[in-house]
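Commentary on secondary and tertiary structure
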Amino acid sequence: MSKTAVQLPRDFDVHTVTPSTEELLRWAAAVRDFSPIHFDADVARARGFERPVVHGPWKAAVLRGLLQGWLGPNAQIESFSARYLRPDSVGQPLHFGGQLTEVTVRPTGTEELRCTVWTRDSEGRVSVEGECVAEVNPAVGDRLPLERLRAAVKLGEDAGTFVYRVESNDVEHFLEAIGSRSLDHDPSQIPTIAPATYFAALDPVERRNLDLDSFLQDLPYPKTGGGNAFNEVEYERPIRVGEVIAVTTRYTEVYEKVGSRGTLLFRTRINEMRDTAGELVATSRCGHVLSFRLPGEGDAR
């Protein structure tokens, strides 16, 4: 493999994070690591530490997340490893950085990127060292990673099925949120049928039960807007309180357009809602858009 003309080593921008107890409790719940040394000050002191200790894998996960932004949206990370060298204390700032150390051209014409990463405390002591290998196709250039997005959302396939029970209090809260029922309503008037707009409350993406494209938030391009592009629903029958509804989500389109605020990225999905008998209750179609200012795009189009 021949070397490219990239100037090496190339330092990554240092990112500083101060891990809080709340963040680490969320991490502990996600990975089911409830060792009290990470959140109980008395236990930490009994083990010889001044304060609770940051999870090593949490620091590695921060580095892994930063790598995509450092290497660019078209980089495909092939391997990542980390070594934990010393503990860090909760509530103390940590600095995450690294270097691109080697770029070689593979026989396929793609570039292999090798880099080192690290975590340091405020005194410059290294607590985590890591290495990464990634692949980039130079022919892609500064574009949105459409193919990666299509693969991530399983375009054209069922992306996931989630089961929800329609509880009366959920419908009550939904009615209050949309202004259809006051907070001092008569408790005896509990609805038995969900309102026509309740389909939105059964969307796995909006409920954060399905999140396949969160890497879009880390793309190294300025974001100029975003939100829902449209919502449509076709009912077979009303949704009743007490029912159990299975919602299957399928992404149907991923495409981009040039707009006045930059490049617009659209993702369209369908939610099929079925009852316990497998009968179709409703089908919703949703579109979401993000807009980015890509390199070479001015402030106005």
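Residues numbered from 1 in each chain as written. Predicted model: local features only at pLDDT ≥ 70, side-chain atom pairs only at ≥ 80, totals over all residues. Heavy atoms only, no water.

Attention now moves to the nonpolar core. When a protein is soluble and globular, its nonpolar side chains tend to lie buried together. Of all hydrophobic cores here, the largest spans 25 residues; its most connected members are Trp58, Leu67, Leu71 and Phe96. Mapped by element, the contributors of at least two residues to this core are helix H3 (56–71), strand E4 (94–105), strand E5 (111–120) and strand E6 (126–136). No other element matches the seven residues that H3 contributes to this core. Residue contacts for Trp58: discarding those within four places in its chain leaves Val17, Pro19, Glu23, Leu24, Trp27, Leu94 and Phe96. Judged by nonpolar contacts, the second largest core, of 17 residues, contains Leu144, Tyr251, Val254 and Leu265. (Core = buried A, V, L, I, M, F, W, Y, C linked by side-chain atoms within 4.5 Å. Buried < 20%, exposed > 50% of the residue type's maximum accessible area, 1.4 Å probe, protein only. Helix = DSSP H or I, 4+ residues; strand = E, 2+ residues; numbered from the N terminus. Contact = heavy atoms within 4.5 Å.)

The next thing to look at is the sheet that holds strand E7 (residues 158–165). Within a beta sheet, neighbouring strands are joined by backbone hydrogen bonds and run either parallel or antiparallel to one another. Ordered by their spatial adjacency, five strands build an open sheet running E7-E9-E10-E11-E8, and the pairing between neighbours is antiparallel. Each having just a single partner strand, E7 and strand E8 (223–235) make up the two edges of the open sheet. For this sheet the average axis-to-axis angle between neighbouring strands, irrespective of direction, equals 20°. In terms of strand pairing, strand E9 (residues 244–259) meets strand E10 (residues 262–274) through 13 bridges, oriented antiparallel. If you follow Gly259 over to E10, its bridge partner there is Gly262. (Pairing = 2+ DSSP bridges. Axes fitted to C-alpha atoms, helices over the stretch in contact; angles between N-to-C directions.)

Much of the literature gives interface size as the accessible area that the parts lose upon coming together. If you check the domain split of the protein, you get domain 1 (10–136) and domain 2 (146–292). Spacing between the C-alpha centres of domain 1 and domain 2 amounts to 33 Å. Contacts between the two partners involve five residues from domain 1 and, on the opposite side, five residues from domain 2. Summed over both sides, the interface between domain 1 and domain 2 buries roughly 450 Å², with carbon and sulfur atoms accounting for 57% of that surface. When the buried area of domain 1 at its contact with domain 2 is split by residue, Gln68, Gly69 and Pro73 rank highest and sum to 75% of it. Between the two partners, domain 1 and domain 2, sit zero salt bridges. At the junction of domain 1 and domain 2, the tally comes to one residue pair in polar contact (both at pLDDT 80 or more). Split into classes, the residues belonging to the side of domain 1 that touches domain 2 amount to one nonpolar, four polar and no charged. (Domains from an automatic or database assignment. Buried area = accessible area lost by both parts, 1.4 Å probe. Salt bridge = Lys/Arg side-chain N within 4 Å of Asp/Glu carboxyl O. Polar contact = N/O pair within 3.5 Å; in protein donor to acceptor, adjacent residues only side chain to side chain. Nonpolar A, V, L, I, M, F, W, Y, C, P; charged D, E, K, R; others polar.)

Moving on, we get to H3. Each α-helix turn comprises 3.6 residues. Residues three or four places apart therefore point the same way. Over its 16 residues, H3 extends 23 Å from the first C-alpha to the last, a length consistent with the 22 Å expected when each residue adds 1.5 Å. By the burial criterion, the buried members of H3 are Gly56, Trp58, Lys59, Ala60, Val62, Leu63, Leu66, Leu67, Gln68, Trp70 and Leu71. A positive backbone phi angle near 105° is found at Gly72, which sits one or two residues after H3. (Expected span 1.5 Å × (residues − 1).)

Let's shift gears to the side chain of His38. Tracing the backbone through its elements, the reader meets His38 in the loop between helix H1 (21–31) and helix H2 (41–46). With a relative accessible area of 11%, His38 lands in the buried category. With residues up to four places along the chain from it excluded, the contact list for His38 reads Leu24, Asp33, Pro52, Val53, Val54, His55 and Val90.

This part covers the pattern of salt bridges. On inspection of all chains with the given rule, the structure shows 22 salt bridges. Among the ionic pairs, Glu253 bridges to Arg285, the shortest N-O distance being 3.6 Å. Residue Glu253 is located in strand E9, and its partner Arg285 is located in strand E11 (residues 280–292); the two are separated by 32 residues in the primary sequence. Taking the relative accessible area as the measure of exposure, Arg285 reaches 29% and is therefore partly exposed.

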